[in-house]
Amino acid sequence: MGYVPQLGLSPAELDAVPFARHYDPVMRPPQPQVLEALSMGPQASTLFPGIDAASDLTQPGYAALETGYTSAPDFGVRVHCLTDMPGVSPEMWEWWFGWHGSDGRRYKLWHPLAHVDARWADGKSDESYLGRTSRVIEFIGASRVSATISFVRPSVLGFDEAALAAQGAVAICARLGDPKVPIKGGWLVHHVRPTQTGCEMRSRFWIGGETVAPGNSHGRGMRIAMLPFRPIARLMGPSPRDLLAHCGQEMNHLAGILPALFDEFGPSAKGEKP
């Protein structure tokens, strides 16, 4: 694919890509609410609803805890991260998730100090994401992680897609796994809704615990069947604190360059789009 699967973009790679001017290896710091949550440490697990409550993100207002992390009694971990994004629209984020997955060099724009590679499992380069799996390599904290991110329609997690559209919001939903393991071990949702100054992203991660299953279903019967695998999945998952720090860094950093990227390479752009 013309790039090296390692941290950062080399001078040769920067000369080869049309989006080089958007690459900034000096990361924007996490926002204050993320720094505060990291300093406070883990919070009560009851403040982090289970995966069955994912669609509650469409309700007005905010959850009791919008930014923080916990280890749940089901051997899982849960992470919430709120990111305010002035000047950014939900449409930009929906475009981004399709655009960046076609070239690992684009993935490095998002988090230059942690992202190594990303590519679509189907080998195609079209810029869509729903129904597709992205194979990523990145650092979460000090740990190098290989993961599969399989994007699904929001309705799979109970979202009313008509209501999302009416609110001008998007919900990026994906099943998380390990390319070496047939059992899936998590979910993520990035709910992006408009604000007076742009938008805000409310990210949710459910790793291990009740989400461990071979496929997308994790009803009562499947949860019982998967009980023996939960401690193993917990050992394979990232540190929730590291995951919060990573999310807080990458979302705030990309929000700073996303409007310019969208203008230059988005669906209405007239320039080159490789």
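Residues numbered from 1 in each chain as written. Predicted model: local features only at pLDDT ≥ 70, side-chain atom pairs only at ≥ 80, totals over all residues. Heavy atoms only, no water.

Contact geometry for helix H3 (residues 90-99) and helix H8 (residues 240-265): axes closest at 10 Å, N-to-C directions at 85°. On the basis of their axis angle, the class for H3 and H8 is roughly perpendicular. Facing Glu91, Met92, Trp93, Trp95, Trp96 and Trp99 of H3, the residues of H8 in contact are Met251, Leu254, Ala255, Leu258, Pro259, Leu261, Phe262 and Phe265. Here the contact of H3 with H8 is built from residues that sort into 13 nonpolar, no polar and one charged. (Axes fitted to C-alpha atoms, helices over the stretch in contact; angles between N-to-C directions. Helix = DSSP H or I, 4+ residues; strand = E, 2+ residues; numbered from the N terminus. Parallel < 35°, antiparallel > 145°, perpendicular 65-115°, else oblique. Contact = heavy atoms within 4.5 Å. Nonpolar A, V, L, I, M, F, W, Y, C, P; charged D, E, K, R; others polar.)

Attention now moves to the environment of Thr195. Turning to its location among the elements, Thr195 is positioned in the loop between strand E7 (186-194) and strand E8 (198-208). A C-alpha to C-alpha distance of 8.9 Å links Thr195 and Ser89, two positions 106 residues apart in sequence.

Between helix H2 (residues 32-40) and H8, whose axes approach to 10 Å, the crossing angle comes to 170°. In terms of orientation, H2 lies roughly antiparallel with respect to H8. Contacts from Val34, Ala37 and Leu38 of H2 reach H8 at Arg241, Leu244, Ala245 and Gly248. Classifying every residue of the contact of H2 with H8 by side-chain character gives five nonpolar, one polar and one charged.

The next subject is the packing of aromatic side chains. Within this structure, the stated rule accounts for 15 aromatic pairs. With 6.2 Å between their ring centres and 40° between their planes, Trp93 and Phe97 make a pair best called tilted. Here Trp93 and its partner Phe97 are both found in helix H3, four residues apart, which amounts to about one turn of the helix. Exposure class is identical for Trp93 and Phe97. Each is buried. Here Trp96 and Trp110 contribute two aromatic rings whose centre-to-centre distance is 5.6 Å and whose plane-to-plane angle is 85°, an arrangement assigned as edge-to-face. Residue Trp96 is located in helix H3, and its partner Trp110 is located in helix H4 (residues 104-110); the two are separated by 14 residues in the primary sequence. Here Trp96 falls in the buried class, since its relative accessible area comes to 0%. (Phe/Tyr/Trp six-rings, centres within 6.5 Å; stacked < 30°, edge-to-face > 60°. Buried < 20%, exposed > 50% of the residue type's maximum accessible area, 1.4 Å probe, protein only.)

Note on sheets: strands pair through backbone hydrogen bonds, and any given pair is parallel or antiparallel. Reading across from one edge, E1-E2-E8-E7-E6-E5-E4-E3 is the order of the eight strands in this open sheet, with antiparallel pairing throughout. Pairing within the sheet leaves two strands with one partner each, and these edge strands are strand E1 (68-71) and strand E3 (115-120). Neighbour-to-neighbour, the strand axes of this sheet turn through a mean angle of 20°, independent of strand direction. The pairing of strand E4 (residues 133-140) with strand E5 (residues 143-152) spans eight bridges and is antiparallel. What sits directly across from Ser134, in E5, is Ile149. (Pairing = 2+ DSSP bridges.)

Turning our eyes to something else, we now look at the side chain of Asp74. Within the secondary structure, Asp74 sits in the loop between E1 and strand E2 (76-86). On the accessibility criterion, Asp74 (14% relative accessible area) is buried. One polar contact links Asp74 to Arg78, side chain to side chain, over a distance of 3.4 Å. (Polar contact = N/O pair within 3.5 Å; in protein donor to acceptor, adjacent residues only side chain to side chain.)

Time to look at the pattern of salt bridges. Evaluated as defined, the whole model comprises twelve salt bridges. Across the salt bridge formed by Glu161 and Arg153, the nearest N and O atoms sit 2.7 Å from each other. For Glu161, a relative accessible area of 24% translates into the label partly exposed. (Salt bridge = Lys/Arg side-chain N within 4 Å of Asp/Glu carboxyl O.)

Moving on, we get to the side chain of Thr70. For Thr70, the position within the fold is in strand E1. Its relative accessible area of 2% is what places Thr70 among the buried residues. A distance of 2.7 Å separates a polar atom in the side chain of Thr70 from the backbone oxygen of Gln43.

The next thing to look at is unusual backbone geometry. Despite not being glycine, Phe75 has its phi angle at roughly 75°, a positive value. Take Phe75: it is sitting in the loop between E1 and E2. Judged by relative accessible area, which is 46%, Phe75 ranks as partly exposed.

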